[in-house]
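Listed below, chain by chain, are the residues.
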Amino acid sequence: MQTQSTGGFRPAESLRVMRILLIAFIAVSLALPVSAGAEARPDPIAVGRGGEMEQVDRYLQMQMQRLQIPGLAVAVAKDGRLILERHYGTASVEFGAPVTSDTVFAINSVTKAFTGVAAMRLVEEGRLDLSAPVGRYLTDLPEAWRSVTIRQLLSHMSGLPDVMRAPTVETDAAAAWTWVLAQPVRFPPGQGFHYCQTNYTLIQRVVNQIEGRAPEAPLAEAQLAIAGMADTHYGDAYAVIANRAPTYRWTLGGPMITGYRAAASTTPSTLTATSERFLPFRRASSGMNSTVGDMARWMIAIQDGRILNEQSLETLWTPVAFNDGQKGQWGLGWQILSRGDHRAVGMTGGGRAAVFLYPEDGVGVVILTNLTGSFPEDMIDKIASIYSPGLDLSGVPALRIALEEQGYDHASAAAATIERNHPGLVWPEAELNDWGYRLLSTGRARDALEVFKLVASHYPDSANANDSLAQAFLVNGDNAGAAIHYRRALALDPTNTSAARHLAELGAATP
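If you're wondering where the values come from, they're calculated on a predicted model, not measured in any experiment.

Basis of the calculations
Residues numbered from 1 in each chain as written. Predicted model: local features only at pLDDT ≥ 70, side-chain atom pairs only at ≥ 80, totals over all residues. Heavy atoms only, no water. Pairing = 2+ DSSP bridges. Helix = DSSP H or I, 4+ residues; strand = E, 2+ residues; numbered from the N terminus. Core = buried A, V, L, I, M, F, W, Y, C linked by side-chain atoms within 4.5 Å. Buried < 20%, exposed > 50% of the residue type's maximum accessible area, 1.4 Å probe, protein only. Contact = heavy atoms within 4.5 Å. Axes fitted to C-alpha atoms, helices over the stretch in contact; angles between N-to-C directions. Expected span 1.5 Å × (residues − 1). Salt bridge = Lys/Arg side-chain N within 4 Å of Asp/Glu carboxyl O.

Student: What's the story with the sheet that holds strand 9 (residues 270-273) in this structure? I'm lost.
Tutor: Hydrogen bonds between backbone groups are what pair the strands of a sheet, and the pairing can be parallel or antiparallel. The sheet built from 3 strands is open, its strands ordered 9-6-15 with mixed pairing. Looking along the sheet, the strands with just one partner apiece sit at the ends: strand 9 and strand 15 (371-372).

Here it is, written out as structure tokens:
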């Protein structure tokens, strides 16, 4: 069972011609965008120095070729200074335009990190109370919504229905909002986690009401001015933004199983252009576009205290607890991940943008790409470790680096080695689970299966771990293995209707 979803991508009719041109380009060139070494070379004028830069170049070029990423940019800030900025590959496949320091990328849900900061600026001023119910600020909400706190909205613990599921979310904001207001809540506030764009639309309305702006106004303008982010803009595929790279995705071949491509497929993948629509009422959750240099300037402004004071940053980066006291993986618009006794705090967007700060190490890393499904968050820890030798990469980041080098069939052995070197290590279930689903979504079903096996071996009594493993078995064509773990998931959680449905569908294949 997937623990987090960032929503789907719907192609727009207006980009049909672009896709036709793209297919023609690929047919003529008979080569992938990054298959030739020259096309993946970094911009020679980018900022960087010495052996660290060479390590970054080798690592990112390898990842670009493995994942077939057309274009990528990276920046590293340390102790308040920009120490690396590099640009690789092709920004526009159609026109052969290279990625440069001026290339603007869509950053999607990284926008939420800006929203968390905007909310905390009001908390600093004493104008917003994180513990207050949203009903204190907005009176036109259903009764079941009013007790949700601002903190629960920012950490996705509200239990509210997701406006992204509204049929008109990309075409008619009023109708979409009317639809979501009529939906039932998923669970009581604070009882669970549900990644939900409704939360941030409410925060957008609250912050704008306090600031005296229109309800749908964007929230990050003050941060952009403080950090000097002149090339960062709000907008979607329908907006004209200078130097913006198109967004692509690989459409995998073969049959779909439970929403993912079957592992045995030999049908070639196809590179296609994508289109996204972010109506203004969603601009607290998505819709920003930026250069890697601008994002580095924002990281530096966060680090040096120009945007928030130290106490506010700690509040921003403290994991919010559920009702039972257990801490979640989210602070206020930021994900909080353990890296040994240090932290990685940041946000990802659209499966193609990621920014993380390492507060105890004074390091920040941002990677932007033009490929949905490149998941640069899986590359950031490696880059951070190059510039922070004291960063203890145990757990998931250490395992990810090991498996990319050794192969995913070595998952158990590699995990055992990490555990020996880090006594007392606790593998984070949610982080492992999210990684497995990222692998599934990019057609790496066999690799995903090994990760899900590891999760279930460490959490045998977790209904979610068994459900995820069952799904991976199913995608890999092992119906018997799927049945075993769907049964376990259902025994652990009798309300799991999905597991029950899959067992019924397996029928005679169920032992």
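Student: How do you make sense of the nonpolar core when you look at a structure like this?
Tutor: Within soluble globular proteins, side chains that are nonpolar tend to cluster in buried spots. Counting 81 residues, the largest nonpolar core has F114, I150, M295, W298 and W334 as its most contacted members. Among the elements that make up this core, the one with the highest residue count is helix 8 (residues 292-303) (8 residues). Ignoring sequence-local partners within four residues, the contact set of M295 consists of I107, V110, F114, M229, S290, V355, V366 and L368. In this structure, A415, Y486, A489 and L506 belong to the second largest nonpolar core, which totals 40 residues.

Student: I'm lost on the environment of A301 in this one. Help?
Tutor: Looking at the element boundaries, A301 is found in helix 8. Residue class for A301 comes out buried when judged on its relative accessible area of 0%. Residues A301 and G228, 73 residues apart in the sequence, show an inter-C-alpha distance of 9.2 Å. If sequence neighbours within four positions are ignored, A301 has contacts with A227, R306 and I307.

Student: Which parts of the structure should I look at to understand the sheet that holds strand 5 (residues 233-234)?
Tutor: Spatially, 4-10-5 is the arrangement adopted by the 3 strands of the open sheet, whose pairing is antiparallel. Two strands lie at the open edges of the sheet, namely strand 4 (105-108) and strand 5, each paired on one side alone. Alignment of strand 4 against strand 10 (residues 288-290), held across 3 bridges, turns out to be antiparallel. Residue A106 lies in a different strand from strand 10, and its bridge partner there is N289. Strand contacts of helix 3 (residues 111-124): strand 4, strand 5 and strand 10, with the helix running at about 60° to strand 4, the strand carrying the most contacts.

Student: Honestly, the pairing of strand 13 (residues 353-358) in this entry has me stumped. Any pointers?
Tutor: Walk down a regular strand and you will see the side chains alternate between the two sheet faces. Most of strand 13 is tucked away: 6 of the 6 residues are buried. Neither face of strand 13 is exposed, since A353, V355 and L357 on one face and A354, F356 and Y358 on the opposite face are all buried. Where strand 12 (residues 342-349) lies against strand 13, 5 bridges are found, and the strand directions are antiparallel. Residue pairing in the sheet places M347 in a bridge with V355 of strand 13. Inspection of the sheet shows strand 13 paired to strand 14 (residues 363-369) by 6 bridges, in the antiparallel sense. Looking at strand 14, one finds that Y358 is bridged to V363.

Student: Looking at this model, I keep getting lost on helix 2 (residues 50-67). Mind explaining?
Tutor: Between its terminal C-alpha atoms helix 2 stretches 26 Å, which fits the 26 Å expected from 18 residues at 1.5 Å a residue. Directly after helix 2, the chain includes Q68, whose backbone phi takes a positive value near 55°.

Student: Honestly, the pairing of strand 2 (residues 81-92) in this entry has me stumped. Any pointers?
Tutor: Of all 12 residues in strand 2, 10 are buried; the element is thus mostly enclosed. Two elements, strand 1 (residues 71-78) and strand 2, share 8 bridges in a ladder whose sense is antiparallel. If you follow A75 over to strand 2, its bridge partner there is E85. Linking two consecutive strands that pair antiparallel, namely strand 1 and strand 2, is a turn of 2 residues; a positive phi of about 50° is found at D79 within it. Direction of pairing for strand 2 relative to strand 3 (residues 97-98): antiparallel, over a ladder of 2 bridges.

Student: Would you explain the pattern of salt bridges in this entry?
Tutor: Pairing between side chains of opposite charge can happen when the charged atoms of each approach one another. Scanning the model with the defined rule gives 22 salt bridges in all. Here R438 and E377 are joined by a salt bridge, their closest N and O atoms 3.9 Å apart. Linking R438 in helix 13 (residues 429-441) with E377 in helix 10 (residues 377-387), this pair joins segments that are 61 residues apart in sequence. Classification of R438 by relative accessible area gives buried; the value is 15%. Of the charged contacts, one joins E404 and R444 as a salt bridge, the two residues approaching to 3.2 Å between their closest N and O atoms. Linking E404 in helix 11 (residues 395-406) with R444 in the loop between helix 13 and helix 14 (445-458), this pair joins segments that are 40 residues apart in sequence. Pair check on accessibility: E404 and R444 agree, each one buried. Connected via shared salt-bridge partners are R66, E404, R444 and D447.

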